[in-house]
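In case you want the letters, here they are:
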Amino acid sequence: MSRARRWADALARWTPGLLAVGCCLGGLPLPHAATHEETPEPYDGPPSGHPECLAAHIPPTDVERELWSALDLKV
């Protein structure tokens, strides 16, 4: 076997592993290795026009008041 062929075989055999190690050591950005933490914004409820928005202009019904008082919610 020629010297060039041995080098080609060795390169073909070692390239995938060397690429993997090089990528790991080369500083690829990893999701869990973020340099800063993003703080989530507080949840203010659904956006306006959403079907589950509170309708402040409509007074609660007697059933709603009774349910809220059972759940210790403020009316």
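Residues numbered from 1 in each chain as written. Predicted model: local features only at pLDDT ≥ 70, side-chain atom pairs only at ≥ 80, totals over all residues. Heavy atoms only, no water.

Peer 1: Teacher, can you tell me more about the overall build of the chain here?
Peer 2: The helix and strand tally for the chain stands at two helices and zero strands. Relative to its 75 residues, the chain shows a buried fraction of 0%. Element-wise, carbon and sulfur atoms account for 63% of the exposed surface of the chain, whose accessible area totals about 7,600 Å². (Helix = DSSP H or I, 4+ residues; strand = E, 2+ residues; numbered from the N terminus. Buried < 20%, exposed > 50% of the residue type's maximum accessible area, 1.4 Å probe, protein only. Areas by Shrake-Rupley, 256 points an atom, 1.4 Å probe, with all protein chains shown as cover.)

Peer 1: Sorry if this is basic, but what is going on with the pattern of salt bridges here?
Peer 2: Pairing between side chains of opposite charge can happen when their charged atoms approach one another. Within this structure, the stated rule accounts for two salt bridges. Residue R5 pairs with D9 through a salt bridge whose shortest N-O separation is 3.5 Å. Note that R5 and D9 are positioned in helix 1 (residues 3-25) at a spacing of four residues, about one turn of the helix. Using a relative accessible area of 26% as the deciding quantity, one classes D9 as partly exposed. (Salt bridge = Lys/Arg side-chain N within 4 Å of Asp/Glu carboxyl O.)

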